[in-house]
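Here's the letter readout for the chains.
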Amino acid sequence: MNDCIFCKIIKKEINADIVKDETDWMCFQDINPKAPVHLLIIPKTHYDNLHSVNDDLIIVKLMNGVKTIVKELGLEKKGYRVIVNTGDDGGQTVSHLHLHILAKRPLGWPPG
Ligand code: AMP
Ligand code: ZN
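Residues numbered from 1 in each chain as written. Chains lettered and ligands numbered in written order. Predicted model: local features only at pLDDT ≥ 70, side-chain atom pairs only at ≥ 80, totals over all residues. Heavy atoms only, no water.

Participant: Please give an account of the overall build of the protein that cites residues and values.
Facilitator: For the protein, the count of helices and strands is three helices and five strands. Each helix and strand of the protein, ordered N terminal to C terminal, gives the series α-β-β-β-α-β-α-β. Relative to the compact-globule value of 13 Å for 112 residues, the protein shows a C-alpha radius of gyration of 14 Å, a close match. Once the C-alpha set of the protein is aligned to its principal axes, its extents read approximately 40 × 30 × 30 Å. Expressed as a percentage of its 112 residues, the buried residues of the protein come to 35%. By sequence separation, contacts in the protein at least 24 residues apart represent 53% of the contacts at least 6 residues apart. For the protein, the accessible area works out to roughly 7,100 Å², and carbon and sulfur atoms hold 51% of it. The distance from the centre of the 14 positive side-chain charges to the centre of the 14 negative ones in the protein is 9 Å. (Helix = DSSP H or I, 4+ residues; strand = E, 2+ residues; numbered from the N terminus. Rg over C-alpha atoms; globule rule 2.2 N^0.38 Å. Buried < 20%, exposed > 50% of the residue type's maximum accessible area, 1.4 Å probe, protein only. Contact = heavy atoms within 4.5 Å. Areas by Shrake-Rupley, 256 points an atom, 1.4 Å probe, with all protein chains shown as cover. Lys, Arg positive; Asp, Glu negative; His and termini not counted. Charge placed at Lys NZ, Arg CZ, Asp CG, Glu CD.)

Below, the structure is given as structure tokens:
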């Protein structure tokens, strides 16, 4: 996807504050953080959203990526939230599948 901002981050065509760069996925800081920790985990293959994914294994890899990052940052004890905004009503603004990890503040429920 030529005009996808997250694909450009993967190709290093635009800068991001990269936390982890793995074979199939990467993790970087959200540019507009909504919590003291706000990271994004994305597959290196472009999928518009969860429903475009034709490789079930990547979903497992992304969730394992969450566990890896959370462990490395020591977030398990206090807790954290994983979010996949999907579609217009879900508040998705970037059409490249991504998992948000939010942590280090109490997070309200339900979200707005
Ligand atoms: P969503 O609204 O779920 O689609 O989330 C997209 C997220 O991507 C938002 O939280 C944005 O702040 C974040 N974002 C957009 N552009 C960039 C970028 N260039 N680098 C890092 N995060 C970005
Ligand atoms: Zn993309």
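Next comes the rest of the account.
Participant: Outline the coordination of the zinc ion (ligand 2), supporting the account with residue identities and numerical values.
Facilitator: Here the zinc ion (ligand 2) is held by the protein donor atoms Cys4 (SG), Cys7 (SG), His46 (ND1) and His96 (ND1), which lie 2.0 to 2.3 Å from it. In this structure, the zinc ion (ligand 2) is coordinated by four donor atoms arranged in tetrahedral fashion, with angles at the metal of 104 to 117 degrees. Mapped onto the polypeptide sequence, the residues donating to the zinc ion (ligand 2) form the spacing pattern C-x2-C-x38-H-x49-H. With a gap of 92 residues between them, Cys4 in the segment before helix 1 (5-10) and His96 in the loop between helix 3 (87-90) and strand 5 (99-103) connect regions that are remote in the sequence. (Donors = N, O, S within 2.8 Å, 3.2 Å for Na, K, Ca; no water. Tetrahedral: all angles 85-135°; square planar, octahedral: opposite > 155°, others 65-115°.)

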